[in-house]
Amino acid sequence: MIARKLTGSPPSTHMPIGASDTQMHLYLPQFAMREDGVGVPADPLPDPAAYRKVMDWLGLDRVVITQGNAHGSDNGNLLACIAELGDCARGVAVITPDTPEDEIARLAEGGITGARIMDLPGGAVGLDALERIDAMAHEADWMLAVQFDGSALPELEPRLAALQSRWVLDHHAKIFSGATPGHVAVIRRLLDRGNVWFKFAACYESSRIGGPDYPDIAEVAREIGAHAPERIVWGTNWPHNAARRTEDYVDDAHLLDLAMSWLPDDHARHLALVENPQDLFGYPPVVA
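Worth saying up front: this structure is predicted, and the values here are computed from it rather than measured.

Conventions adopted
Residues numbered from 1 in each chain as written. Predicted model: local features only at pLDDT ≥ 70, side-chain atom pairs only at ≥ 80, totals over all residues. Heavy atoms only, no water. Disulfide = S-S within 2.5 Å. Buried < 20%, exposed > 50% of the residue type's maximum accessible area, 1.4 Å probe, protein only. 1 Å grid on protein atoms, 1.4 Å probe; cavity = no way out; pocket = protein on both sides within 12 Å on 5 of 7 lines; lining within 4 Å. Points joined across faces, edges and corners; volume = space filled by probe spheres on them. Nonpolar A, V, L, I, M, F, W, Y, C, P; charged D, E, K, R; others polar. Helix = DSSP H or I, 4+ residues; strand = E, 2+ residues; numbered from the N terminus. Axes fitted to C-alpha atoms, helices over the stretch in contact; angles between N-to-C directions. Parallel < 35°, antiparallel > 145°, perpendicular 65-115°, else oblique. Contact = heavy atoms within 4.5 Å.

Chemist: Got a sec to walk through the state of the cysteines? Specific residues and values, please.
Modeler: Evaluated as defined, the whole model comprises 0 disulfides. The structure places no disulfide on Cys 81, whose sulfur is separated from the nearest cysteine sulfur, that of Cys 88, by 12 Å. We classify Cys 81 as buried; its relative accessible area is 0%.

Chemist: Residue-level account of the layout of surface pockets, with values.
Modeler: Put simply, the largest pocket is a space of about 410 Å³. In terms of lining, the largest pocket is formed by 22 residues, of which the most central are Gly 39, Asn 69, Glu 205, Asn 241 and Ala 242. The class makeup of the residues in the lining of the largest pocket is 7 nonpolar, 11 polar and 4 charged. Within the residue set of the lining of the second largest pocket, elements represented by two or more residues are α8 (252–261) and α9 (266–281). In terms of residue count, α9 provides more of the lining of the second largest pocket than any other element does, 4 residues in total. The class makeup of the residues in the lining of the second largest pocket is 3 nonpolar, 5 polar and 3 charged.

Chemist: Tell me about the packing of helix α5 (residues 153–161) against helix α6 (residues 181–191), and please be specific about residues and values.
Modeler: Viewed as axis vectors pointing N to C, α5 and α6 meet at an angle of 10°, and their least axial separation amounts to 10 Å. By the criterion of interaxial angle, the relationship of α5 to α6 is roughly parallel. Here Leu 153, Pro 154, Glu 157, Leu 160 and Ala 161 of α5 come into contact with α6, specifically with His 183, Val 186, Ile 187, Arg 189 and Leu 190.

Chemist: I'd love a proper account of unusual backbone geometry, names of residues and values included.
Modeler: A cis amide bond, omega 0°, links Asp 43 with the succeeding residue Pro 44. If you trace the backbone, Pro 44 turns up in the loop between β1 (20–24) and α1 (48–58). Residue Pro 212 follows Gly 211 across a cis peptide bond; omega there is 10°. Position of Pro 212 among the secondary structure elements: in the loop between β7 (196–200) and α7 (215–227). Of note in this structure, Asp 141 is not a glycine but carries a positive phi near 60°. Inspection of the secondary structure puts Asp 141 in the loop between α4 (130–140) and β5 (143–147). In this model, His 172 sits at a positive phi of 55°, which is unusual for a non-glycine residue.

Below, the structure written as structure tokens:
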């Protein structure tokens with residue numbers, strides 16, 4: 001059991017109308033999870049009702065639910081969670097090269113606007129299928145969420161630069177070996193292509209220094225945020241499945257304020273919270 005913090009003092013960041021959390025996971029009890037326990041969250045189940053409290057706490061209006069590793073390639077839980085949250089929710093699903101067109105249409109009808117590549121332990125579809133999933137996503141007008149060990153960015157740059165879809169480099173690029181100027185240069189070149197975004201989320205997963213301020217992640221985030229503020233999106237990574245004990249659980253308001261402090265000004269923060277998620281995930285424009 002873990003006691004997740006679901007409410008508290010609000011973030012100091014001004015949260016505009018349409019503020020979007022573009023990275024999180026949800027779970028409903030009627031959907032079985034992996035027997036090996038990979039990706040399975042600690043009890044109690046982090047369900048839509050619990051996340052609604054987090055939305056109210058942080059001042060969020062929109063959310064993108066990402067298919068979690070615990071459910072593999074079965075998107076049933078994801079679709080059910082989108083339906084439970086309603087129009088504020090979109091989803092990033094797992095599809096394979098064998099997923100038929102009518103299934104993609106069914107997923108789109110249920111609020112799916114993206115496909116996930118997760119080339120780390122537990123991921124359902126990895127980089128070996130990148131180009132095939134990209135072609136399918138492009139045909140469906142979906143985005144791609146791409147996650148891997150970013151230590152390999154220089155080697156992977158030609159493949160990534162050739163992607164046709166809108167896509168996001170997940171989780172601060174997860175450069176486990178530590179970011180070098182060469183890694184940052186690759187990220188800048190990719191962002192300059194115009195179909196690539198960079199996600200501020202889960203800084204704790206790849207920081208080699210640690211919290212509370214993750215200075216190694218912050219250094220790269222500030223440079224990327226200043227270089228291309230129109231290409232930054234942000235996510236909570238709720239419910240922080242890596243935390244298995246209450247004392248290790250992060251404070252979402254602190255992480256939100258921290259990530260927003262890495263952007264150069266209020267305009268860049270508004271872009272990251274509202275306009276950029278609209279462009280990437282296909283939300284309708286906010287009506288003030």
